[in-house]
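# Working through the structure, step by step
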Amino acid sequence: FFFNQWVIMFNINPVSKVSKSIYKFKTILPPKDRFWADPFVIEKNKIFYIYFEEFLFGEEKGKISLITIDKNGLYSKPKVVLEEKHHLSYPFIINDNNSLFMIPETKEKKSIDIYECKKFPTEWNFKKTLISKNPNY
């Protein structure tokens, strides 16, 4: 009778007006064949870009997906923006002189990899491996 699942919740009001009640937040519920976790939010031109881990149970690995939310709280369908043959999660994004870089968690690969945004918000290309303990990569 109960299905335990991670969700994405949001409230686009300014921080000073955000309610501390979880019931005031809007919920974006993933399909039952997956969970969403580890969101990282970028705001640009009054649009919120939420990058997150999307883990499909049948594939048993995470990929990085994106949902956008406009100033009225309307949100897009998720879109996969980064997928590898290994598990990806925690999409940490860095802005360096208006260039965006993503360092997702890649523990399964035993490395720390960095990706560069070639076309915001959806095109991310592998840039280089920063650290590796895996001789196969």
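What comes next is a walk through the structure. Model, not experiment: these values are computed from the prediction. (Residues numbered from 1 in each chain as written. Predicted model: local features only at pLDDT ≥ 70, side-chain atom pairs only at ≥ 80, totals over all residues. Heavy atoms only, no water.)

### Considerations on the nonpolar core
Core analysis: the largest hydrophobic core is formed by 14 residues, its most contacted members being Tyr51, Ile64, Ile93, Met102 and Trp124. Residue assignment for this core shows that the elements contributing at least two residues are β4 (47–56), β5 (61–69), β6 (79–82), β8 (99–105) and β9 (111–119). The next biggest cluster of nonpolar side chains, apart from the first, holds eight residues, and it includes Phe10, Trp36, Ile50 and Ile69. (Core = buried A, V, L, I, M, F, W, Y, C linked by side-chain atoms within 4.5 Å. Buried < 20%, exposed > 50% of the residue type's maximum accessible area, 1.4 Å probe, protein only. Helix = DSSP H or I, 4+ residues; strand = E, 2+ residues; numbered from the N terminus.)

### Brief notes about the layout of surface pockets
To find leftover empty space, one rolls a probe the size of a water molecule over the atoms. Taken as a whole, the largest pocket encloses approximately 180 Å³ of empty space. The wall of the largest pocket is formed by 13 residues, among which Phe10, Asn11, Ile12, Val41 and Phe48 lie closest to the centre. If you list the elements that add at least two residues to the lining of the largest pocket, you get β1 (8–10), β3 (34–44) and β4. Grouping the constituent residues of the lining of the largest pocket by class yields eleven nonpolar, two polar and no charged. (1 Å grid on protein atoms, 1.4 Å probe; cavity = no way out; pocket = protein on both sides within 12 Å on 5 of 7 lines; lining within 4 Å. Points joined across faces, edges and corners; volume = space filled by probe spheres on them. Nonpolar A, V, L, I, M, F, W, Y, C, P; charged D, E, K, R; others polar.)

### Concerning the packing of aromatic side chains
Throughout the structure, instances matching the rule amount to nine aromatic pairs. Seen in terms of ring centroids, phenylalanine 35 and phenylalanine 57 are 6.1 Å apart; in terms of plane orientation they differ by 50°. Their pairing is tilted. Of the two residues, phenylalanine 35 sits in strand β3 while phenylalanine 57 sits in the loop between β4 and β5, which places them 22 residues apart along the sequence. Using a relative accessible area of 40% as the deciding quantity, one classes phenylalanine 57 as partly exposed. Ring-pair connections join several aromatic residues into one group, and the members of that group are Phe35, Phe55 and Phe57. The ring centre of phenylalanine 120 lies 4.5 Å from the NZ or CZ of lysine 44, which sits over that ring. (Phe/Tyr/Trp six-rings, centres within 6.5 Å; stacked < 30°, edge-to-face > 60°. Lys NZ or Arg CZ within 6 Å of the ring centre and 35° of its normal.)

### Observations regarding the sheet that holds strand β7 (residues 89–96)
Across the sheet, four strands lie side by side as β7-β8-β9-β10; this open sheet has antiparallel pairing. Across the chains shown, the open sheet's two edge strands, defined by having one partner strand only, are β7 and β10 (123–132). Here the strands of the sheet are splayed against their neighbours by 25° on average, with no regard to which way each runs. In this sheet, β9 lies alongside β8 in antiparallel orientation, the contact comprising two bridges. Opposite methionine 102, over in β9, you have tyrosine 115 as the bridge partner. (Pairing = 2+ DSSP bridges. Axes fitted to C-alpha atoms, helices over the stretch in contact; angles between N-to-C directions.)

### Some words on the pattern of salt bridges
Side chains that differ in sign of charge can pair as their charged atoms come close. Under the defined criterion, the tally for this structure stands at eight salt bridges. Residues glutamate 83 and lysine 63 are paired through a salt bridge, measuring 3.6 Å at the closest nitrogen-oxygen approach. Separated by 20 residues along the polypeptide, glutamate 83 in the loop between β6 and β7 and lysine 63 in strand β5 bring together distant segments of the chain. Here glutamate 83 falls in the partly exposed class, since its relative accessible area comes to 41%. With a closest N to O distance of 3.6 Å, glutamate 116 and lysine 127 form a salt bridge. Of the two residues, glutamate 116 is situated in strand β9 and lysine 127 in strand β10; the sequence distance between them amounts to eleven residues. Lysine 127 gets classed as partly exposed once you look at its relative accessible area, which sits at 45%. Look at the salt bridges and you will find they share partners, linking Glu59, Lys61, Lys63 and Glu83 into a network. (Salt bridge = Lys/Arg side-chain N within 4 Å of Asp/Glu carboxyl O.)

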